[in-house]
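Analysis of the macromolecular model
Okay, here's what each chain looks like letter by letter:
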Amino acid sequence: MSDNDIKKIILPYSISVRKLADELDASPIEVIKVLMANGVMASINQSVDFDTAAVVASELGFEPELEKIEEETAEDKSEVPLWRRVIEDEDEEDLEPRPPVVTMLGHVDHGKTSLLDAIRHSNVAGGEEGGITQHIGAYQIDHNGRKITFLDTPGHAAFTSMRARGAQGADIVILVVAADDGVMPQTREAANHAKAARVPIVVAMNKMDLSSANPDLVKRQLSEIDLVPDEWDGDTMIVPVSATKMQGLDDLMEAILLVADNKEIKANPKGEVMGTVVEAELDRFRGVMATLLLQNGTIGVGDTIIAGKAHGRIKAMFDYRGNRIETAGPSTPIAVMGLNDVPRAGDLFRCIESEKEARAFVDELENEEKSKTVFQRVSLEDLFERLQAGETQELRLIVKADVQGSLEPIVNSIKEIEEKQSEVSIEILHQETGNITESDVMLAAASNAIVIGFAVEADNPALRLAEKEGVSIRLYTIIYRLIEDIEKALKGMLEPEFVERTVGQAKVLATFKVSKFKVAAGCRVLDGEIRRNGKIRVLRNSKVIFDGEIGSLKRGKDDVREVREGFECGVALKQFHEFEEGDLLECYVVEEKPI
């Protein structure tokens, strides 16, 4: 074969046998035969690393090259937490290195809390178990003369709720994966939350002391979710640890510091005070106690701070061991007394001149939040207008489906839509089987994404959170409708859907003549409310005999907008006058479909 016959092919760090066969324009059986000849047993859906794929490609007449991952050159400013923007605005010469802030994510029962406890207790001075007298949701350790701050709030729901409020307290995420269990649904979900936040990931492969540990399998599974081990020429550090045996903890600390050095984590101790609320509670003896993570500047007792909508003068301040302190610098977790209300986890805090200024700031913040919610949230219906206005060039999706067999064609079809046009980038932040949960909605709220569901339901907590956060959830039972709606949204052709919502019921107790509408009904509201701007269905013996508009709604002699449950009212309809005692009136409104 001449050099001219050799074709170049770009291959990723990890690729499935089926996909490799497609790329090489060969049958999967051909590829499997070459793999077997080289001592590799792999099924059609199994993934192989670049080196293995390169051997197959070479034998089939290709010159393989490793795909280069382009680093993101610029972040959308709206994605950058406010405190990071404050640091970016500081003079470079005033910036000093600060301890990295680390949080742990991962599947339930894979050992996040055990690992946090092991790290904390391995660092107690003199090995004294009672060295930590107060748990405040965050703590610092010393490793070889350098500090590392840990947020003791494991779980991607807590992590993402901070992002949803613009905080994103962590610099580095430790993804905990059990060596005997491997990558599970929550592992994938947690990894997607960290990637969406653009926070570097270090994998802690826990439970390495168990005889059932299978690190090679775990590494292969991690590479399938784009966390390719650095020993496979990837960029993810995977550290074997055992929380129960206290093994590998020093290696994990070294990995954290290595990533931190690469990120150049800095702050200005003399700059504007800015940080994040980790947790807060109302203590019956000490009042509001808030755990704060300072990310820029220096804070001290006597300073007046505002945290979300809470504010107050700091009366006392404690470090993570419960010791009273007077001042604290960047990346320091502290507990403070003195706020007038309990702030939410993830709220930003800053120093302010006076209580008067704090109250004015809270009013301004509330107005900003209202306009921000209206502006930020995107739906398929308004996507085209926002594209035209230049407000966005990206459509972010979270895709949930009933089974894997549905999920794959949906994701592939969405990717094909992106390839057909160059104007809009379509990013699938998370894809998984199962019903839509609070966690999905939280990720969508934090990332300004739309949740797409196929043959699944959204559970009630997810629906409540979606309504509160203004997140759009769209449910489908036909795949081509789902794909069609996305295509229409990109072209500006998607019409909003309207739905009816029943708001109240009333029973006719009596009828009486009125001059304008001939006959009105005297009613008692049984449930909800009757609204003047709503529509009415008249039901007799469970059958609808009229459906139309309200002409008049009165309480006594007064015209009113609404009458609530338990009260009596007079109702007249524009085109119906044949009321009878016992008729049921059903009031409903027609609204644009929110999900």
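Model, not experiment: these values are computed from the prediction.

So, about the overall build of the protein chain. Within the protein chain, the secondary structure is distributed over 15 helices and 33 strands. Put simply, 71% of the contacts in the protein chain that link residues at least 6 apart link residues at least 24 apart. Carbon and sulfur atoms make up 46% of the accessible area of the protein chain, which amounts to about 29,900 Å² in all.

In this model helix α9 (residues 249-263) runs 21 Å from its N-terminal to its C-terminal C-alpha over 15 residues, within 8% of the 21 Å that 1.5 Å per residue would give. What α9 keeps buried is the set Leu-249, Leu-252, Met-253, Ala-255, Ile-256, Leu-257, Val-259 and Ala-260.

On to the pattern of salt bridges. Using the criterion set out here, one finds 22 salt bridges in the structure. A salt bridge links Arg-564 to Glu-562, with the shortest nitrogen-to-oxygen separation between them at 3.2 Å. Assessed through its relative accessible area of 33%, Glu-562 is described here as partly exposed. In this structure, a network of salt bridges that share partners links the residues Glu-500, Arg-537, Asp-547 and Glu-586.

Two elements in contact, helix α7 (residues 185-196) and helix α13 (residues 438-447), have axes whose closest approach is 11 Å; the angle formed by their N-to-C orientations is 10 degrees. As judged from the angle between their axes, α7 and α13 are roughly parallel. On α13, the residues touching Glu-189, His-193 and Ala-196 of α7 are Ser-439, Asp-440, Leu-443 and Ser-447. In the contact of α7 with α13, the residues fall into 2 nonpolar, 3 polar and 2 charged.

A separate point is helix α3 (residues 50-59). Looking at α3, one finds that the buried residues are Phe-50, Ala-53, Ala-54, Val-56 and Ala-57. Angular distribution of buried residues about the axis of α3 spans 165 degrees; they occupy a single face of the element. In the stretch just after α3, Gly-61 is the one whose phi turns positive, near 90 degrees.

Time to look at the sheet that holds strand β14 (residues 287-296). Taken in spatial order, the 7 strands of this open sheet run β17-β16-β21-β13-β14-β20-β18, and their pairing is antiparallel. Unpaired on one side and paired on the other, β17 (310-313) and β18 (316-318) mark the two borders of the sheet. For this sheet the average axis-to-axis angle between neighbouring strands, irrespective of direction, equals 35 degrees. Both strand β16 (residues 304-307) and strand β21 (residues 348-352) contribute to a ladder of 4 bridges, which runs antiparallel. When the sheet's bridge partners are listed, Thr-304 is paired in β21 with Ile-352.

In the predicted model, the protein chain carries a mean pLDDT of 80, and 81% of its residues have values of at least 70. Low confidence marks residues 69-78, where pLDDT is under 50. Its contacts with residues over four positions away, or in another chain, come to 6 contacts. Scored below 50 in pLDDT, residues 124-135 makes 15 contacts in the model with residues more than four places away or belonging to other chains.

Strand order in the open sheet made by the 4 strands is β23-β22-β24-β25, with parallel pairing throughout. Looking at which strands have only one partner, the edges of the open sheet turn out to be β23 (425-433) and β25 (473-476). Along the sheet, successive strands turn relative to each other by an average axial angle of 20 degrees, direction set aside. Bridge analysis of strand β22 (residues 394-401) against strand β24 (residues 450-454) gives 5 bridges, and the strand direction is parallel. Counted as the bridge partner of Ile-398 is Val-451 from β24.

Its location among the elements puts Lys-112 in helix α5 (residues 112-122). Polar contacts involving the side chain of Lys-112 include one to the main-chain carbonyl oxygen of Gly-106, which spans 3.2 Å.

Right, let's talk about the side chain of Asp-283 for a bit. By secondary structure assignment, the location of Asp-283 is in strand β13 (residues 274-283). Comment: no salt bridge for buried Asp-283; closest opposite-charge side chain is Arg-286, at 4.2 Å. Among the polar contacts listed, one links the side chain of Asp-283 to the backbone nitrogen of Arg-286, at a separation of 2.9 Å.

This part is about the packing of aromatic side chains. Counted under the stated rule, the structure contains 3 aromatic pairs. Judged by centre distance (5.1 Å) and plane angle (20 degrees), the rings of Phe-546 and Phe-576 are stacked. Placement of the pair is Phe-546 in strand β29 (residues 543-555) and Phe-576 in the loop between β32 (568-573) and β33 (584-592), with a sequence separation of 30 residues. Assessed through its relative accessible area of 6%, Phe-576 is described here as buried. Centroid distance Phe-576 to Phe-579: 5.3 Å. Interplanar angle 85 degrees. Geometry classified as edge-to-face. Neither residue differs from the other here; Phe-576 and Phe-579 are each classed as buried. Counting every residue linked through ring pairs, the aromatic cluster contains Phe-546, Phe-576 and Phe-579. Geometry around Phe-318 places Arg-286 over its ring, the cationic atom sitting 5.7 Å from the centre.

Cut-offs used in this document
- Residues numbered from 1 in each chain as written.
- Predicted model: local features only at pLDDT ≥ 70, side-chain atom pairs only at ≥ 80, totals over all residues.
- Heavy atoms only, no water.
- Helix = DSSP H or I, 4+ residues; strand = E, 2+ residues; numbered from the N terminus.
- Contact = heavy atoms within 4.5 Å.
- Areas by Shrake-Rupley, 256 points an atom, 1.4 Å probe, with all protein chains shown as cover.
- Expected span 1.5 Å × (residues − 1).
- Buried < 20%, exposed > 50% of the residue type's maximum accessible area, 1.4 Å probe, protein only.
- Salt bridge = Lys/Arg side-chain N within 4 Å of Asp/Glu carboxyl O.
- Axes fitted to C-alpha atoms, helices over the stretch in contact; angles between N-to-C directions.
- Parallel < 35°, antiparallel > 145°, perpendicular 65-115°, else oblique.
- Nonpolar A, V, L, I, M, F, W, Y, C, P; charged D, E, K, R; others polar.
- Arc of directions from axis to C-beta.
- Pairing = 2+ DSSP bridges.
- pLDDT = per-residue confidence, 0-100.
- Polar contact = N/O pair within 3.5 Å; in protein donor to acceptor, adjacent residues only side chain to side chain.
- Lys, Arg positive; Asp, Glu negative; His and termini not counted.
- Phe/Tyr/Trp six-rings, centres within 6.5 Å; stacked < 30°, edge-to-face > 60°.
- Lys NZ or Arg CZ within 6 Å of the ring centre and 35° of its normal.

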